[in-house]
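# Fold and geometry: a report
Given next are the chains, with one letter for each unit.
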Amino acid sequence: MSAAAIARLIGRLHGQGGNGSVIWISRRRDLYARALPSHGLDPDRLLHLEVKRNDDALWAIEEALRCTTLSAVVGEVAALNLTQSRRLQLAAEKSGVPALLIRRSARASDLKTLGRQPIAAVTRWRISPAMSFGTAAPPHLTLPGAPRWRLDLWRCRGGRPANWLIEEHED
């Protein structure tokens, strides 16, 4: 579900005049490109790279962050230590290209410990779906409402953790 939220975030960036393409680096073949336009991300501006190993993903993310013509780099990784995250953070600072990392693991037990691992990110978020309020439709049907997300800010340099429940409406 965080992939949809990131697609919306990048779509908004592009809608506000953001230039360049986005590279999405993943280890799984589950990015559904046909859904991206509904989240605001133009598939024509997306480069998708699939790699086999976590180390390959980290290398590709770091190399992509050196390309200043990209508007963002999205990387899906499992294991990430402090040194690796610091390298990515420094590359992002130097190029000015935002790096968005999705932490993924095959085991549910790993997901509990991901938030406790030290990394050098400026902010750490947990994004999860929230139940939407349905809208009435005749005859006696309820349609899904606007997308809702629960945003938990776990860490922010110079700030405090917080959480929000947001709902997106079309303008």
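Refer to the structure presented above.
We now turn to the structure provided with this report. Everything numeric here is computed off the predicted structure, so don't read it as measured data.

Time to look at the overall build of the chain. Assigned secondary structure in the chain consists of four helices and nine strands. Counting from the amino terminus, helix and strand elements in the chain follow one another as α-β-β-α-β-α-β-α-β-β-β-β-β. Per-residue burial over the chain gives 36% buried out of 171 residues. Relative to all contacts within the chain whose residues are 6 or more apart in sequence, the contacts with residues 24 or more apart total 62%.

A few words now on the nonpolar core. Counting 18 residues, the largest nonpolar core has Ile25, Ile61, Leu65 and Val73 as its most contacted members. Elements with a minimum of two residues in this core: strand E1 (22–26), helix H2 (54–65), strand E3 (72–77) and helix H3 (82–95). Looking at this core, the element that brings in the most residues is H2, giving six residues. Excluding residues that lie within four positions of it along the chain, Ile61 makes contacts with Ile25, Val73, Gly75, Val77, Leu88 and Leu101. Residues Ile6, Trp24, Ala72 and Val74 belong to the second largest nonpolar core, which totals 11 residues.

Strand order in the open sheet formed by four strands is E2-E1-E3-E4, and the pairing between neighbours is parallel. The sheet is open, and its two edges are formed by strand E2 (46–50) and strand E4 (99–103), each paired on a single side. The sheet shows a mean angle of 15° between the axes of neighbouring strands, direction not considered. As judged from the four bridges shared by E1 and E3, these two strands associate in the parallel manner. Opposite Ile25, over in E3, you have Gly75 as the bridge partner. Against the sheet, H2 contacts E1, E2, E3 and E4, and its axis sits at roughly 170° relative to E3.

So, about the packing of aromatic side chains. Evaluation of the coordinates by the stated rule reveals one aromatic pair. Seen from their ring centres, Trp125 and Trp164 are 5.7 Å apart, and the 35° between their planes marks the pair as tilted. Here Trp125, found in strand E5 (residues 123–130), pairs with Trp164, found in strand E9 (residues 162–167); they are 39 residues apart in sequence, far enough to count as distant. With a relative accessible area of 42%, Trp125 lands in the partly exposed category. Looking at Trp164, the relative accessible area reads 39%, which means it is partly exposed.

This next bit is on H2. Under the 1.5 Å per step criterion, the end-to-end length of H2 is 17 Å for 12 residues, consistent within 8% with the ideal 16 Å. For H2, the complete set of buried residues consists of Asn54, Ala57, Leu58, Ala60, Ile61, Glu62, Ala64 and Leu65. Check the buried side of H2 and you find it contacts E1, E2, E3, H3 and E4.

This brings us to the pairing of strand E8 (residues 148–156). Taken together, the eight bridges between E5 and E8 define a ladder with antiparallel strand orientation. Its bridge partner being in E8, Ala130 is matched across the sheet by Arg148. Pairing analysis gives six bridges linking E8 to E9, with the strands arranged antiparallel. Among the inter-strand pairings, Leu151 is bridged to a residue of E9, identified as Trp164. Hairpin geometry of E8 and E9 is characterised by an intervening segment of five residues between the two adjacent antiparallel strands and by a positive phi of about 75° at Gly158.

Reading the values: the criteria
- Residues numbered from 1 in each chain as written.
- Predicted model: local features only at pLDDT ≥ 70, side-chain atom pairs only at ≥ 80, totals over all residues.
- Heavy atoms only, no water.
- Helix = DSSP H or I, 4+ residues; strand = E, 2+ residues; numbered from the N terminus.
- Buried < 20%, exposed > 50% of the residue type's maximum accessible area, 1.4 Å probe, protein only.
- Contact = heavy atoms within 4.5 Å.
- Core = buried A, V, L, I, M, F, W, Y, C linked by side-chain atoms within 4.5 Å.
- Pairing = 2+ DSSP bridges.
- Axes fitted to C-alpha atoms, helices over the stretch in contact; angles between N-to-C directions.
- Phe/Tyr/Trp six-rings, centres within 6.5 Å; stacked < 30°, edge-to-face > 60°.
- Expected span 1.5 Å × (residues − 1).

These figures capture arrangement, not role.
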